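Here are the chains, one letter per residue:
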Amino acid sequence: MMQPKRMIDLFSDTKSRPSEAMRRFMMRAEVGDEQKDEDPTVRTLCERVADMLGKESAVYLPSGTMCNEISLAVHCRPGEEVICDRSSHIIHYEAGGPAALSGVMIRTVDGHNGIFNAEQLGAAIRPESRYAPRSRLVCVEQTANLAGGRIWPLETIREVMTVARQAGLSGHLDGARLLNAVAATRVAARSYAEPFDSAWIDLTKGLGAPVGAVLAGSRDFIREAWRLKQMWGGAMRQAGIIAAAGVYALDHNVNRLVDDHDNAQRLARGLAQMDGIGLDPADVETNMVFFDVAGTGLTAAEIVAVARERGVLIGAFGPSTIRAVTHIDVSEADVDVALQVLGGIVEDAGRIGTKKLAAAHS
């Protein structure tokens, strides 16, 4: 089978790269000392995101992880408890930050597809007791990454946050892929963010910027967030050069997120037709495609290794689960080539045997 002319990277939408037009826009950016609030491009970006999310103020940060960790530290005191779904990013991908940086405990909820309901939240909130940590914050991840990019319905968010408010809890929206939810549902970003005290968007995934995320909340919240940004080394100088990529992305790369979703559906439908692949395309709501390969006789790691040698990057997320993510640098034609490569691996496994195929690529 013909190899792709270049590597097709479906490992994550974090692999997206700034376009030539974005790079040119960055080169022309007005800059100043961001740490002194003198960078006009950073200020423009923050004002736009605050308005988009319906919040009073915003702060530009190097990463979404810093958005989450600063938010936990502002909302909670050491020894208090954060409630989130078991699959949440703050548990699996932030290096123990909640414990190390804020001294908070995590209470998990076993949601369905990364989404828990008001009743589950109510059961997780601890009654006041000097023996137990105090429930302080509810975190929602939109979209739910490890659940396959599933979208939290707005009504569920409102019901969950109603229970949280009644118990005196604050709310934080991990909006790493919030705009994917917006593109898929046509629900405004500010509608999703409105029930929460803090919310953020990432600029480096489907939006294609190389650096950064923007955290929004009340003026008092952002004032405290800035203190932690300074303390944790996130304050910058002439950051307008990188913030300009975010401005460009908001102007040019938001509406096109639907293309990523269409490509994910195309990929899902093709995979679902392959022998040994377990996948329901109806489960693919945004730009993430999770599929089971147990029926092929190969492990996820074996398929990932063979696919890499044949020019397609995907990720193993368990013994038999693989994730593929579409993004701005993946075209419809790329999806078709990826399907040819993966289909060829499945066919080869059936033709020459899984052990020989795996051994040939070990």
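The sections below set out a description of the structure shown in this document. Every chain is numbered independently, its residues counted from 1 as its sequence is written. At least 70 in pLDDT is required for a residue's local features to be given in this predicted model, at least 80 for side-chain atom pairs to be given and counted, and no such filter applies to totals for whole chains, interfaces and linings, which use all residues. Computation of side-chain values covers all heavy atoms of the structure but excludes hydrogens and water.

Quick word on the nonpolar core
Okay, so step 1: The set of buried Ala, Val, Leu, Ile, Met, Phe, Trp, Tyr and Cys residues whose side-chain atoms join them within 4.5 Å is what this entry labels a nonpolar core. Between buried and exposed lies partly exposed: a residue is buried under 20% and exposed over 50% of the maximum accessible area for its type, with that area taken using a 1.4 Å probe on protein chains only. Membership of the largest hydrophobic core comes to 58 residues, with the highest contact counts inside it found for Leu-45, Leu-53, Tyr-60 and Leu-121.
Okay, so step 2: Helix and strand definitions follow DSSP, with helices as H or I runs of at least four residues and strands as E runs of at least two, each counted in order from the N terminus. Take this core: its biggest share by element is seven residues, from helix α11 (residues 240-252).
Okay, so step 3: Counting 32 residues, the second-largest nonpolar core is a separate cluster that includes Val-293, Ala-338, Val-341 and Leu-342.

A word on the pairing of strand β6 (residues 170-174)
Okay, so step 1: Counted residue by residue, β6 has five buried out of five residues, so it is predominantly covered.
Okay, so step 2: On β6, burial covers both faces: Ser-170, His-172 and Asp-174 on one face and Gly-171 and Leu-173 on the other are all buried.
Okay, so step 3: Summarising the sheet, strand β5 (residues 135-141) and β6 pair through five bridges and their orientation is parallel. What sits directly across from Cys-139, in β6, is His-172.
Okay, so step 4: Assessed by its sense of winding, the connection that carries the chain from β5 through helix α7 (residues 154-166) to β6 is right-handed.
Okay, so step 5: Strands are treated as partners if at least two bridges between them are detected by DSSP. In terms of strand pairing, β6 meets strand β7 (residues 198-202) through two bridges, oriented parallel. Looking across to β7, one finds that His-172 is bridged to Ser-198. Crossovers are described as right-handed under a simple rule: with the strands pointing away from the observer, the path leading from the first strand over the helix to the second runs clockwise.

Topic: the sheet that holds strand β12 (residues 321-325)
Okay, so step 1: With antiparallel pairing, the three strands of this open sheet are ordered in space as β9-β12-β11. With partners counted over all chains shown, the strands left at the sheet margins are β9 (288-292) and β11 (315-316), one partner each.
Okay, so step 2: Throughout, a contact is declared for two residues whenever any of their heavy atoms are within 4.5 Å. Angles here are taken between N-to-C directions and fall from 0 to 180 degrees, while the axes themselves are lines fitted to C-alpha atoms, restricted in helices to the stretch in contact. Along the sheet, helix α12 (residues 257-272) makes contact with β9 and β12, crossing β9 at roughly 15°.

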